[in-house]
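# Notes for the structure review
Residue-level listing of the chains:
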Amino acid sequence: MATHWRRMLTVFVTAQVLLVVNAFEEEDIPEEWILLHVVQGQIGAGNYSYLRLNHEGKIVLQMRSLKGDADLYVSDVTLHPSFDEYELQSVTCGQDIVHVPAHFRRPVGIGIYGHPSHLESEFEMKVYYDRTVVQYPFGEASYNPEEMEANQKYSQSTEDESQDEESVFWTILIGILKLILEILF
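Residues numbered from 1 in each chain as written. Predicted model: local features only at pLDDT ≥ 70, side-chain atom pairs only at ≥ 80, totals over all residues. Heavy atoms only, no water.

Looking at where Cys 93 falls in the secondary structure, it is placed in the loop between β5 (88–90) and β6 (95–100). Since its relative accessible area comes to 69%, Cys 93 is described here as exposed. Through-space distance from the C-alpha of Cys 93 to that of Asp 71 is 8.1 Å; in sequence the pair is 22 residues apart. (Helix = DSSP H or I, 4+ residues; strand = E, 2+ residues; numbered from the N terminus. Buried < 20%, exposed > 50% of the residue type's maximum accessible area, 1.4 Å probe, protein only.)

If you want it as structure tokens, here you go:
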């Protein structure tokens, strides 16, 4: 009878330990993120695997190396980003996360590189749509060089015009004062 209870207790404790371990392995994903795709694959040492992202908006790429070490390169300029040509990257030995901004041109190229330190790397990448709204403390001001240049030209031209008007005003005023002084003296 004691052996039976001991087995039951062992099974119960083992189940609890597995439950706690699985809870720690689960990722903390914000509620605002919506899972779009899960991609799994293998990549040889020194090779690339390329994916294309067409979804609009803010996207989060979360890649985990299951075996070996896979690195992540992202670009909106080329569909074949590499460690020489990329806009965003994550090259950790663990979990790689890249936040693709909404302003990136679509399609976005994704390059997954198998690090040469391992003959083969296995990865799992989750693609999330990020619905979070960024609050700007001073409004949604952005830097637009063309708009800034046009505003500067406009303000410079209005300053020049006002300086010209002031110059003409002072010239006339001084002329009148000289005339009055000549008449009086």
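Right, let's talk about the environment of Ser 49 for a bit. Turning to its location among the elements, Ser 49 is positioned in strand β2 (residues 48–53). Ser 49 sits in the partly exposed class, given a relative accessible area of 24%. Taking C-alpha positions, Ser 49 is 5.8 Å from Gly 111, a pair spaced 62 residues apart along the chain.

Let us now look at the pattern of salt bridges. Taken as a whole and assessed by the stated rule, the structure comprises 2 salt bridges. Arg 64 is the salt-bridge partner of Glu 124, the closest N and O atoms lying 3.1 Å from each other. With Glu 124 in strand β8 (residues 120–130) and Arg 64 in strand β3 (residues 59–67), the pair connects residues that are 60 residues apart, well separated along the chain. Judged by its relative accessible area of 13%, Glu 124 is buried. With a relative accessible area of 36%, Arg 64 lands in the partly exposed category. Across the pair Glu 120 and Lys 67 runs a salt bridge whose closest N-O atoms are separated by 3.6 Å. Separated by 53 residues along the polypeptide, Glu 120 in strand β8 and Lys 67 in strand β3 bring together distant segments of the chain. (Salt bridge = Lys/Arg side-chain N within 4 Å of Asp/Glu carboxyl O.)

Another aspect to go through is the sheet that holds β5. One open sheet holds the 4 strands; their spatial order is β2-β7-β4-β5, and the pairing between them is antiparallel. Of all the strands in the sheet, the pair left with one neighbour each is β2 and β5. With strand direction ignored, the average angle separating the axes of adjacent strands in the sheet is 15 degrees. Pairing between strand β4 (residues 70–75) and strand β7 (residues 108–114): 6 bridges, direction antiparallel. Within β7, the position partnered with Leu 72 by the bridge is Ile 112. (Pairing = 2+ DSSP bridges. Axes fitted to C-alpha atoms, helices over the stretch in contact; angles between N-to-C directions.)

For Ser 121, the location among the structural elements is in strand β8. One polar contact links the side chain of Ser 121 to the main-chain amide nitrogen of Asp 69, over a distance of 2.9 Å. Leaving out residues up to four positions away in the same chain, Ser 121 has contacts with Gly 41, Gln 42, Ile 43, Lys 67, Gly 68, Asp 69, Ala 70, Gly 114 and His 115. (Polar contact = N/O pair within 3.5 Å; in protein donor to acceptor, adjacent residues only side chain to side chain. Contact = heavy atoms within 4.5 Å.)

Strands sit in the order β1-β8-β3-β6 across an open sheet of 4 strands; the sheet is antiparallel. If you trace the sheet from one side to the other, it starts and ends with β1 (33–44) and β6, each paired once. Each strand axis lies, on average, 20 degrees off the axis of its neighbour in the sheet, ignoring direction. The pairing of β3 with β8 spans 8 bridges and is classified as antiparallel.

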